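Structural overview
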Amino acid sequence: MLVITLNIKSKFSVFKSLRLRIFVVLILFGIVPVSLYCIISSKLFFSNAISQRVSELQTHAGIISNLVVNSNFFANDDLTELNTELSQVADVYKGRILIIDKRLKIVKDTYALENGKTIISKEIIETFNGVNNIYINDEGQYVEITVPITDSTTKETVGVIFMSFSTENIFQLYEIRVRENIVFVIIFLILLICLALVFVNRIGRPFKNLSASIKHIALGDVDTDFAYNGYSELEGIAESYTVMVDELQQTELSRQEFVSNVSHELKTPITSMKVLAESLTMQDDVPVELYKEFMVDICDEIERVNKIINDLLTVVKTDKNVSTAIITSVNINEFIEKILKTLRPIAAKRNIELVYESFRPITAEVDEVKLGMAINNLIENAIKYNVDDGWVRVSLNADHKYFYIKVADSGVGIPEELQEKIFERFFRVDKARSRETGGTGLGLAITRNAILLHRGAIKVYSKQGEGSLFTVRIPLNFQT
Ligand code: ADP
């Protein structure tokens, strides 16, 4: 079943081809007007030739009419001039001419078949009443004309000239023309197909080149130049693709950097554990106290590895992935009080004053755990990177759309050129101090991820040696 579906799909995909579509459009746009032109011009040729024949015959009919009147034909039927004209016209145009008198009697028939007979026909009677009748046979085989013979002095219709002429020769000419046109259309179609094939092939070339370049890049040859000579639309696609490739490269670079940072961070405690363990195993009769001391150090290092791994897991969990967020309506005032409560003992150890200012009661839709980690990190940092007997001020405010948390401290501050970098994973201004305080360099990365997850923003203002201020803005209603 699947095979059949695929077969049908691949058959129909031919019709999706841009080249095929352009080809068909070119052929239609070329052949339709040319064919129409040929049909219309042949028809026009035929109708023009017929009307020309009719007008010639009408002229001759006029001459014959004059000759009839001037020669008093109906009184005397033996007039050479008129007879000559009649037989000449009948011969040249291959037809028959009848002259009918008032009593509807045929007084002259160039075929000499109906002389003396009476003719009763609608057209003849109408012509006596002043109507010039022209009848053209549908198949274009003959044309019939009736013309009144009018006495110039009395203005009376004294007779009717009836002409019946074959138009077969015109029809033959028309058929030759139609055949010529068909040959012309076929030659034109062949030429058009050749030109359209060349054109369509040329149109498709830039697409092929671009697709080849993309394939090269996809296979890992990222230095491939895009071949987009030709269309500005393709230039746009190639540019977007380049941007995408650049981003992929950036992602790959930061992934590699992240992995090497992780290994580096884990290596340090593992190396020191190894050194500690080896120094114990290489010595004989090590005193129990030394064992204990080294074991405590090894435990500290294990604790550090554990912390790094936990923080790494948190970074991954908070990484902008909205689907992992558990959103509830939270009383933000109480939420901050809770965080401060856990941090007060650490602040107290170094006699750091922890002040909290709340301007209004605020309830917001947040992921309490993730946002809790973010705010906790900010306040903990404000304590960690502070001076003894310093202060930390936390304030909370809101407007109709957002709530704002500010964490200010009287600490060591951050050099201006490094202020952007502090949110990067594993970045630490002072590695030694951070390590001393148990920092992994992942805290602010977690903080930023959690805030971005809430579609919020974080900013830092700091002066080295004077202190820092972190401001956080979060929407009151969670936006997916
Ligand atoms: P860490 O685990 O090292 O604290 P963070 O990601 O939380 O990692 O912070 C990154 C670095 O930014 C810290 O190592 C520190 O140098 C600097 N930093 C963060 N907060 C403050 C602050 N309030 N005052 C001074 N420096 C800070």
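Here we summarise the structure given alongside this text. The shown structure was predicted, so the numbers you read here are calculated from the model rather than taken from an experiment.

1. Let's talk about the overall build of the chain
- The helix and strand tally for the chain stands at 11 helices and 12 strands.
- Relative to a compact globule of 480 residues, whose C-alpha radius of gyration would be 23 Å, the chain shows 53 Å and is clearly more extended.
- Seen along its three principal axes, the alpha-carbon backbone of the chain occupies a region of about 165 × 60 × 45 Å.
- In the chain, which comprises 480 residues, the share counted as buried stands at 37%.

2. Here's the deal with the packing of helix 9 (residues 368-384) against helix 11 (residues 443-453)
- In the contact formed by helix 9 and helix 11, the axes pass within 8 Å of each other and the chain directions differ by 140°. As judged from the angle between their axes, helix 9 and helix 11 are oblique. Our pair here, helix 9 against helix 11, has a crossing hand that is left-handed. Every residue of helix 11 that contacts helix 9 at Lys370, Met373, Ala374, Asn377, Leu378 and Asn381 is listed here: Gly443, Leu444, Ile446, Thr447, Ala450, Ile451 and Leu453.

3. A few points about unusual backbone geometry
- Its identity is not glycine, yet Ala112 carries a phi of approximately 55°, on the positive side.
- Tracing the backbone shows Ala112 in the loop between strand 2 (106-109) and helix 4 (122-128).
- Classification of Ala112 as exposed rests on a relative accessible area of 53%.
- A positive phi angle, close to 50°, is found at Asp285, a residue other than glycine.
- For Asp285, the location among the structural elements is in the loop between helix 6 (232-282) and helix 7 (288-318).

4. Here's the deal with the pattern of salt bridges
- A full pass over the atoms with the stated rule returns 13 salt bridges.
- In this structure, Arg96 and Asp109 form a salt bridge, with 2.8 Å as the shortest nitrogen-oxygen distance. Taken together, the residues span a long stretch of sequence, with Arg96 in strand 1 (residues 95-101) and Asp109 in strand 2 at a distance of 13 residues. This pair shows no difference in class: Arg96 is buried, exactly as Asp109 is.
- Residue Arg350 pairs with Asp388 through a salt bridge whose shortest N-O separation is 2.8 Å. Of this pair, Arg350 sits in the loop between helix 8 (332-349) and strand 7 (353-358) while Asp388 is found in the loop between helix 9 and strand 9 (391-398), placing the two residues 38 residues apart along the sequence.
- The exposure class assigned to Arg350 is partly exposed, which follows from its relative accessible area of 25%.
- Each of the salt bridges in this network shares a partner with another, and the network as a whole consists of Arg96, Asp109, Glu114 and Lys117.

5. Side note on the sheet that holds strand 5 (residues 157-166)
- One open sheet holds the five strands; their spatial order is 2-1-5-4-3, and the pairing between them is antiparallel. Strand pairing shows two members of the sheet lacking a second neighbour, strand 2 and strand 3 (133-136), which therefore form its edges. Averaged over neighbouring strand pairs, the angle between their axes works out to 15° when direction is ignored.
- Alignment of strand 1 against strand 5, held across seven bridges, turns out to be antiparallel. The residue bridging Ile100 from the neighbouring strand is Val160, located in strand 5.
- Sheet contacts for helix 2 (residues 18-70): strand 1, strand 3, strand 4 (142-150) and strand 5; angle to strand 4, the most-contacted strand, approximately 30°.

6. Here's the deal with helix 7
- The end-to-end C-alpha separation of helix 7 is 45 Å, in line with the 45 Å expected for 31 residues at 1.5 Å each.
- Buried within helix 7 we find Phe294, Ile298, Glu301, Arg304, Val305, Ile308, Asp311, Leu312, Thr314, Val315 and Thr318.

About the criteria used
- Residues numbered from 1 in each chain as written.
- Predicted model: local features only at pLDDT ≥ 70, side-chain atom pairs only at ≥ 80, totals over all residues.
- Heavy atoms only, no water.
- Helix = DSSP H or I, 4+ residues; strand = E, 2+ residues; numbered from the N terminus.
- Rg over C-alpha atoms; globule rule 2.2 N^0.38 Å.
- Buried < 20%, exposed > 50% of the residue type's maximum accessible area, 1.4 Å probe, protein only.
- Axes fitted to C-alpha atoms, helices over the stretch in contact; angles between N-to-C directions.
- Parallel < 35°, antiparallel > 145°, perpendicular 65-115°, else oblique.
- Left-handed = near helix turned anticlockwise from the far one by under 90°.
- Contact = heavy atoms within 4.5 Å.
- Salt bridge = Lys/Arg side-chain N within 4 Å of Asp/Glu carboxyl O.
- Pairing = 2+ DSSP bridges.
- Expected span 1.5 Å × (residues − 1).

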